Amino acid sequence: MPEDISVMRAAAEAGIAIPKLCANDMVKSFGSYRLCLIEVEGKRGTPSSCTLPASSGMVVHTQTDRLKKLRRGVMELYISDHPLDCLTCAANGDCELQDMAGVVDLRDVRYGYDRENHVKAEASDGADNFRWMAKDESNPYFTYDPSKCIVCSR
Amino acid sequence: MVRPKPPLPALEGFLGRPTVINNVMSLASVPIILDKGAEFYRDYGVGKSHCTIPIQIAGNVRHGDLFETAFGPPLGEIVEDIGGGTLSRRPVRAVQVGGPLGAYFPPEKFDTIFDYESFTDAGGLIGHAGIVVFDDTVDMLKQARFAFEFCALESCGKCTPCRIGAVRGVEVIDRIAARKAEGEDVDAQIELVSDLCETMKLGSLCALGGFTPIPVVSALTHFPEDFRPHAIAEAAE
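Residues numbered from 1 in each chain as written. Chains lettered and ligands numbered in written order. Predicted model: local features only at pLDDT ≥ 70, side-chain atom pairs only at ≥ 80, totals over all residues. Heavy atoms only, no water.

> Help me understand the overall build of chain A in this model?
Looking only at helices and strands, chain A features 3 helices and 2 strands. Scanning chain A from its N terminus toward the C terminus, one meets helices and strands in the order α-β-β-α-α. Along the first, second and third principal axes, the C-alpha set of chain A runs to 55 × 35 × 25 Å. When each of the 154 residues of chain A is scored for burial, the buried share is 40%. Considering only contacts within chain A whose residues lie at least 6 apart along the sequence, 55% involve residues at least 24 apart. Where the 19 positive side-chain charges of chain A centre and where its 23 negative ones centre are 7 Å apart. (Helix = DSSP H or I, 4+ residues; strand = E, 2+ residues; numbered from the N terminus. Buried < 20%, exposed > 50% of the residue type's maximum accessible area, 1.4 Å probe, protein only. Contact = heavy atoms within 4.5 Å. Lys, Arg positive; Asp, Glu negative; His and termini not counted. Charge placed at Lys NZ, Arg CZ, Asp CG, Glu CD.)

> Can you walk me through the side chain of Thr62(A) in this structure?
When you line up the elements, Thr62(A) lands in the loop between strand S2 (60–61) and helix H2 (65–79). Those residues within four positions of Thr62(A) in sequence are excluded, and the remaining contacts are Ile16(A), Ile18(A), Ile38(A), Leu67(A) and Arg71(A).

> Just to check I follow, could you spell out the sheet that holds strand S6 (residues 103–105) of chain B for this structure?
Note on sheets: strands pair through backbone hydrogen bonds, and any given pair is parallel or antiparallel. All names here are of chain B. With mixed pairing, 5 strands are arranged side by side in an open sheet as S4-S3-S7-S5-S6. Edge positions in the sheet fall to strand S4 (65–70) and S6, since each has one partner strand and no second. Ignoring strand direction, the axes of neighbouring strands in this sheet form an average angle of 30°. Examined bridge by bridge, strand S3 (residues 52–59) and strand S7 (residues 130–135) share 4 bridges and lie parallel to one another. (Pairing = 2+ DSSP bridges. Axes fitted to C-alpha atoms, helices over the stretch in contact; angles between N-to-C directions.)

> So what exactly am I meant to see when it comes to helix H6 (residues 160–181) of chain B here?
Note on helix geometry: an α-helix contains 3.6 residues per turn, so any two residues three or four positions apart are oriented the same way. All names here are of chain B. Look at H6: 31 Å from first C-alpha to last across 22 residues, which is about the 32 Å you get at 1.5 Å a residue. Approximately 30° is the largest bend angle found in H6, and it occurs at alanine 166. In terms of residue burial, H6 counts as a mostly covered element, since 16 of its 22 residues are buried. In the stretch just after H6, glycine 183 is the one whose phi turns positive, near 70°. (Expected span 1.5 Å × (residues − 1). Bend = angle between axes of the 7 residues up to and from the residue.)

> Would you mind going over the pattern of salt bridges with me for this structure?
Once their charged atoms are close, side chains differing in charge can pair, the charge on each being opposite to the other. Here the structure, examined in full by the defined rule, presents 18 salt bridges over all chains. Measuring nitrogen to oxygen at the nearest pair gives 3.5 Å for the salt bridge that ties Arg179(B) to Glu184(B). Three or more residues joined by partner-sharing salt bridges are found here, namely Lys69(A), Glu76(A), Arg110(A) and Asp195(B). (Salt bridge = Lys/Arg side-chain N within 4 Å of Asp/Glu carboxyl O.)

> Looking at this structure, I do not really get the domain arrangement of chain B. What am I missing?
You'll often see interface size given as the accessible area lost when the parts meet. Entries for chain B in the domain assignment read domain 1 (1–43), domain 2 (48–135) and domain 3 (140–236). Using C-alpha coordinates to define each centre, domain 1 of chain B is positioned 25 Å away from domain 2 of chain B. (Domains from an automatic or database assignment.)

> Just checking my understanding: could you explain the interface of chain B and chain A for this structure?
Contact residues are listed per partner, giving 25 residues for chain B and 27 residues for chain A. Buried area between chain B and chain A, both sides added, is near 2,300 Å², and the carbon and sulfur share of it is 57%. Connecting chain B to chain A are 3 salt bridges. Here Arg110(A) makes a salt bridge to Asp195(B), at a shortest N to O gap of 2.9 Å. Those elements that provide at least two residues to the side of chain B that touches chain A are H6 and helix H7 (187–203) of chain B. (Buried area = accessible area lost by both parts, 1.4 Å probe.)

> Looking at this structure, how should I read the nonpolar core?
Most often, soluble globular proteins have nonpolar side chains that are buried together. Core analysis: the biggest nonpolar cluster contains 51 residues, and Leu21(A), Tyr33(A), Met75(A), Leu97(A), Phe148(B) and Phe227(B) have the highest contact counts within it. Breaking this core down by element, the ones donating at least two residues are H2 and helix H3 (96–103) of chain A together with helix H5 (140–154), H6, H7 and helix H9 (213–222) of chain B. Viewed by domain, this core spans two of them, domain 2 (48–135) and domain 3 (140–236) of chain B, each represented by three or more residues. Ignoring anything within four residues of it in the chain, the contact list for Met75(A) reads Leu21(A), Tyr33(A), Leu35(A), Leu97(A), Met100(A), Ala101(A), Val104(A) and Leu106(A). Counting 22 residues, the second largest nonpolar core, distinct from the first, contains Ile78(B), Val92(B), Phe119(B) and Ile126(B). (Core = buried A, V, L, I, M, F, W, Y, C linked by side-chain atoms within 4.5 Å.)

> What's the story with the packing of aromatic side chains in this structure? I'm lost.
Residues and elements named next belong to chain B. Tallied over the entire structure, the rule returns 7 aromatic pairs over all chains. Ring plane angle 70° and centroid distance 5.2 Å describe the contact between phenylalanine 114 and phenylalanine 119, whose orientation is recorded as edge-to-face. Using a relative accessible area of 0% as the deciding quantity, one classes phenylalanine 114 as buried. In this structure phenylalanine 119 comes out as buried when scored by relative accessible area, which is 0%. Here the aromatic rings of phenylalanine 146 and phenylalanine 150 are separated by 6.3 Å at their centres, their planes lie at 45°, and the arrangement is tilted. Of this pair, phenylalanine 146 and phenylalanine 150 both sit in helix H5, 4 residues apart, roughly one helical turn. Judged by its relative accessible area of 37%, phenylalanine 146 is partly exposed. Taken together, the ring pairs in this structure connect Phe105, Phe114 and Phe119 into an aromatic cluster. (Phe/Tyr/Trp six-rings, centres within 6.5 Å; stacked < 30°, edge-to-face > 60°.)

Given below as structure tokens:
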């Protein structure tokens with residue numbers, strides 16, 4: 001096995017896709033999104049596979065009931081602070097967040113959308129939501145919509 | 001900013017260099033070991049918890065102060081004998097051990113031995129050995145809220161379970177409080193807060209988000225009546 005590769009990369013080379021969002025081949029792994037969590041036999045906890053170095057003899061589980069529930073729980077938190085305008089969103093059909101919400105089988109966001117968020121310009125009592133920021137469309141090639149940012153630090 | 005380990009700081013730490021990280025307690029143990037020898041140090045304490053621990057007793061307590069004792073007394077002895085019970089003279093209802101992210105213990109758990117292993121087994125932690133005493137007027141739902149609030153305030157924001165989870169935790173607790181006040185069913189919200197605790201415990205990058213569920217789950221486990229409307233709490237007993 002080559003030196004210095006992550007469990008995520010080793011799995012990918014073996015044809016196993018671990019759900020991921022912040023990891024990208026073009027940047028150093030960061031470990032913020034917590035979707036690529038895995039279990040390693042003989043080790044406690046659920047480390048992120050993008051930051052965990054692979055080693056010989058390591059036995060890794062990428063799909064267990066605990067991991068499924070955990071990934072869905074993390075995704076539920078993410079979507080609880082994300083606009084639900086997929087059908088009219090420019091990224092519809094070409095969106096990693098949408099894909100991963102499908103992969104982890106997220107059906108329901110139980111937290112509701114009436115409290116703290118970066119999505120709505122107005123709070124539920126009609127006051128200005130100080131967390132909300134308008135779209136930046138000053139660049140002819142890019143639109144930056146802060147309400148859709150998932151803080152992956154990519 | 002928090003980063004995943006490995007690499008461990010001993011290999012790659014501050015400025016990418018090997019870095020020794022010890023807490024003050026470990027460093028403070030060194031002179032006595034050098035002066036009186038390893039056996040002297042080892043023979044204080046119980047089990048694998050050696051030597052002494054400086055305990056900070058605070059909250060609603062008669063003799064709040066800093067005490068150093070060997071590991072090994074039961075929790076109740078620390079609260080009642082050293083701390084002298086509550087300042088209000090009302091009965092003790094809960095004691096939080098280990099800091100803001102430590103577990104709450106009811107008096108029924110006062111026989112828990114004050115050492116690392118026993119506290120881990122009891123779902124708690126020794127942490128920095130801070131003990132906060134509460135009398136029977138404490139609202140454990142509010143204490144659970146405080147844990148999420150503390151986490152939201154302290155969160156560096158890097159990982160999702162901690163950054164968003166702590167905020168949602170406060171909101172779910174508030175929803176439980178509102179439903180409780182109206183005498184409405186809170187089962188779905190309690191399930192949600194339990195699921196959230198699991199996500200934060202296993203999904204967070206560091207111990208801040210990972211330990212926030214400890215006070216919340218201990219409050220839910222030992223003081224379930226504070227989370228439910230009175231009629232439902234009585235029926236469940």
